[in-house]
Amino acid sequence: MAIKSHVQTTINGETVEFLCESRQSLLEVLRDELHLTGAKEGCNNGNCGACSVILDGRLVNSCLVLGVETEGKSVETIEGLAAPDKLHPIQDAFLENAALQCGICTPGFIMSTKALLDSNPNPTEHEIRYWLAGNLCRCTGYDKIVRAVQDAAKASA
Amino acid sequence: MQAFEYIAARTVPEAVALLDEKGEKARILAGGTDLIVQVREARRDVDWMIDIKAIPEVNVLAYDAEAGLTLGAAVPCYQIYAEADICDAYPGIIDATKIIGGTAIQGRAGVGGNLCNASPAADCIPPLIVLNATCVIAGPNGERDIPVEAFCTSPGQTALEKGEMLVALKIPAPQNNSSSFYLRFIPRNEMDIAVVGAGASVTLDDAKQTIVSARIALAAVAPTPLFAEEASALLAGRELSDEAIDAAAQAAQAIARPISDMRGTAEQRTHLVGVLTRRALNGAIQRVLDA
Ligand code: FES
Ligand code: FES
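Just so it is clear, the model here is predicted, and its values are computed rather than measured. (Residues numbered from 1 in each chain as written. Chains lettered and ligands numbered in written order. Predicted model: local features only at pLDDT ≥ 70, side-chain atom pairs only at ≥ 80, totals over all residues.)

1. Examining the overall build of chain B
From N to C terminus, chain B includes 11 helices and 14 strands. Relative to the compact-globule value of 19 Å for 291 residues, chain B shows a C-alpha radius of gyration of 19 Å, a close match. On the principal axes, the C-alpha backbone points of chain B span a range of 55 × 45 × 35 Å. The 291 residues of chain B split such that 52% are buried. (Helix = DSSP H or I, 4+ residues; strand = E, 2+ residues; numbered from the N terminus. Rg over C-alpha atoms; globule rule 2.2 N^0.38 Å. Buried ≥ 20, exposed ≤ 12 C-beta atoms within 10 Å, placed from the backbone.)

2. Some details on the domain arrangement of chain A
All names here are of chain A. Structurally, chain A comprises domain 1 (5-80) and domain 2 (89-156). Between domain 1 and domain 2, the contact holds 13 residues from the first and 12 residues from the second. In terms of residue count, strand S3 (residues 52-55) provides more of the side of domain 1 that touches domain 2 than any other element does, 3 residues in total. Grouping the amino acids of the side of domain 1 that touches domain 2 by side-chain chemistry returns 8 nonpolar, 4 polar and 1 charged. (Domains from an automatic or database assignment. Contact = placed C-beta atoms within 7 Å. Nonpolar A, V, L, I, M, F, W, Y, C, P; charged D, E, K, R; others polar.)

3. Let's talk about the sheet that holds strand S6 (residues 134-139) of chain B
Residues and elements named next belong to chain B. Ordered by their spatial adjacency, 5 strands build an open sheet running S4-S5-S10-S6-S7, and the pairing between neighbours is antiparallel. Each edge of the open sheet carries a strand with a single partner, namely strand S4 (61-64) and strand S7 (142-147). Ignoring which end each strand starts from, the neighbouring axes of this sheet average 20° apart. Here 4 bridges tie strand S5 (residues 68-72) to strand S10 (residues 165-171), and the two strands are oriented antiparallel to one another. Paired with Leu71 across the two strands is Leu169, which belongs to S10. Here helix H1 (residues 12-22) sits on the sheet and contacts S6 and S10; the angle it forms with S10, its principal contact strand, is near 130°. (Pairing = 2+ DSSP bridges. Axes fitted to C-alpha atoms, helices over the stretch in contact; angles between N-to-C directions.)

4. A few points about the interface of chain A and chain B
At the interface, 23 residues of chain A touch 23 residues of chain B. Broken down by secondary-structure element, the contributors of at least two residues to the side of chain A that touches chain B are strand S4 (58-61) and helix H4 (125-131) of chain A. Examining the composition of the side of chain A that touches chain B, we find that 4 residues originate from one element, S4 of chain A, more than from any other.

5. Observations concerning the environment of Glu14 of chain A
Inspection of the secondary structure puts Glu14 of chain A in strand S2 (residues 14-20). Taking the C-alpha atoms as reference points, Glu14 of chain A and Val75 of chain A, 61 residues apart in sequence, are found 9.5 Å from one another.

6. Re the nonpolar core
Counting 147 residues, the largest nonpolar core has Ile52, Val196, Ala200 and Leu218 of chain B as its most contacted members. Apart from the residues within four sequence positions on either side, Leu218 of chain B is in contact with Pro126, Gly197, Ala198, Pro225, Leu226, Ala228, Ala252, Ala256 and Val273 of chain B. (Core = buried A, V, L, I, M, F, W, Y, C linked by C-beta atoms within 7 Å.)

7. Details of the packing of helix H2 (residues 89-96) of chain A against helix H3 (residues 106-119) of chain A
Residue and element names in this part refer to chain A. Contact geometry of H2 with H3 gives a least axis separation of 10 Å together with a crossing angle of 130°. Considered as vectors, H2 and H3 are oriented oblique to each other. In this structure, the crossing between H2 and H3 has a hand that is right-handed. For the pair H2 and H3, the contacting residues are Ile90, Gln91 and Phe94 in the first and Thr106, Ile110, Thr113 and Lys114 in the second. (Parallel < 35°, antiparallel > 145°, perpendicular 65-115°, else oblique. Left-handed = near helix turned anticlockwise from the far one by under 90°.)

8. Some thoughts on the packing of H3 of chain A against helix H5 (residues 142-156) of chain A
All names here are of chain A. It is the contact of H3 with H5, at a shortest axis distance of 11 Å, that shows an interaxial angle of 45°. Classed by the angle they form, the pair H3 and H5 counts as oblique. Both H3 and H5 take part in a crossing whose hand is right-handed. Touching Phe109, Thr113 and Leu117 of H3 are Ile145, Val149, Ala152, Ala153 and Ser156, all from H5. In terms of residue class, the contact of H3 with H5 is built from 6 nonpolar, 2 polar and no charged.

9. Description of the domain arrangement of chain B
All names here are of chain B. Split into domains, chain B comes out as domain 1 (5-51), domain 2 (56-171) and domain 3 (178-290). A separation of 20 Å is found between the C-alpha centroids of domain 2 and domain 3. Elements supplying a minimum of two residues to the side of domain 2 that touches domain 3: helix H5 (91-97), helix H8 (125-130) and strand S8 (152-154). For the side of domain 2 that touches domain 3, the leading source of residues is H8, giving 5 residues.

10. With respect to the environment of Ala152 of chain A
Residue and element names in this part refer to chain A. With respect to the element layout, Ala152 can be found in helix H5. Look at Ala152 and you get buried, because 25 C-beta atoms sit within 10 Å. The spacing of Ala152 and Gly108 is 44 residues in sequence and 15 Å in space, taken between C-alpha atoms. Apart from the residues within four sequence positions on either side, Ala152 is in contact with Pro89, Ile90, Ala93, Thr113 and Leu117.

11. Description of H3 of chain A
Between its first and last C-alpha, H3 of chain A extends 20 Å over 14 residues, near the 20 Å set by a 1.5 Å rise per residue. Of all 14 residues making up H3 of chain A, 12 are buried, and the element is well covered by its neighbours. What H3 of chain A keeps buried is the set Thr106, Pro107, Gly108, Phe109, Ile110, Met111, Ser112, Thr113, Lys114, Ala115, Leu116 and Leu117 of chain A. Looking at the packing, one finds that the buried side of H3 of chain A touches S3, S4, H2, H4 and H5 of chain A together with helix H6 (103-106) of chain B. (Expected span 1.5 Å × (residues − 1).)

12. A look at the sheet that holds strand S3 (residues 48-51) of chain B
All names here are of chain B. Strand order in the open sheet made by the 3 strands is S1-S3-S2, with parallel pairing throughout. Sheet topology places strand S1 (5-8) and strand S2 (26-29) at the edges, where each strand pairs with a single neighbour. Averaged over all pairs of adjacent strands, the angle between strand axes in this sheet comes to 25°, irrespective of strand direction. Pairing geometry for S2 and S3, over 4 bridges, is parallel. Across the sheet, the residue bridging to Arg27 is Met49, located in S3. Packed on one face of the sheet, H1 meets S1, S2 and S3 and runs near 170° to S3.

Here it is, written out as structure tokens:
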């Protein structure tokens, strides 16, 4: 039985404690230990962005972060985005633009968009496409996603 | 993924002592974007991961117009390209840090890790070579420095001895009328691994007509990134001209010994060395002319 470490971190503004093995990724901790299943596992190797979360203000692939590395850090996931009775403007923009089909890539795209607009509220199309290059979608097509990001930027302006 | 022990080291001596004690199955964890995947895919056998991100020395990012740049081994890419003076002084490094993976990778991956991973195709290594970077290495017997072109010894292997770790990279201050450039060929627009990469640095005379010195380095055309020493030397003292650039590009092609694999054939790679060397040199020269 592998040894588990005790980790205390902040997730979506709340202090959370969990036990995990060193080999468990942040993605596994979120999904399997904390039952926050919004972040998805696509590739598990850093290529698809389905697992994107924000760690201490930076966009990261949670499949490439160890759960134990988050001690004392702050994690933002898709679950923390919407208010209880109201979607976040980025979520609205994705819906209005039909920027999702199966939806497995969507939490990653939305967290990536959040990190983009937090750092650059008025990105050009070029900047949007490069920023989102690490998020793959196999069904919607990127034009609708890019338009959703542009609308979300306008809505937050 | 195999089970391993995670240890967050607080000081360089602590990390060195752990590396020395645990031996080959201990590995330094910085950004983790290569290491975690390698362990998960059973490509590296690791029993101890030593996280160095809490060690002050590996997080240093300090630029001074006289002393140059100290770049801690764990500084992630996004922090580097966020610094305007570093972007101005070392554009070749910036070219590389902006194309390693996507945004989320650049939030964790750093130049030091890219170097220690020792991939022949590593984008950061050619710019480090052309910028004369020195590796600051700590080990059980103290500190030593080696030039970056001597760091990688074969794919995935480095000059680090038992118990040693990379602490920082030091890059001299840029000379007047100098600049650098890095580019790679990939079949996509982003998120890919170099089929070939080429970096160049040039220093021009005050009239900006003659090349005082130049350095050229290549990725993905040999078991390690290469310093194209002869090609670089050919340019010293030459007036700016297409002929001078072509001669250097041909000399760079002569040292490439690429393999054929899923990314490209040896023939294509050799051709690309010529094309990319010309573009890297012209890119660096143009930056001097535009400054
Ligand atoms: S699951 Fe993490 S990048 Fe694909
Ligand atoms: S909506 Fe299906 S992968 Fe993007």
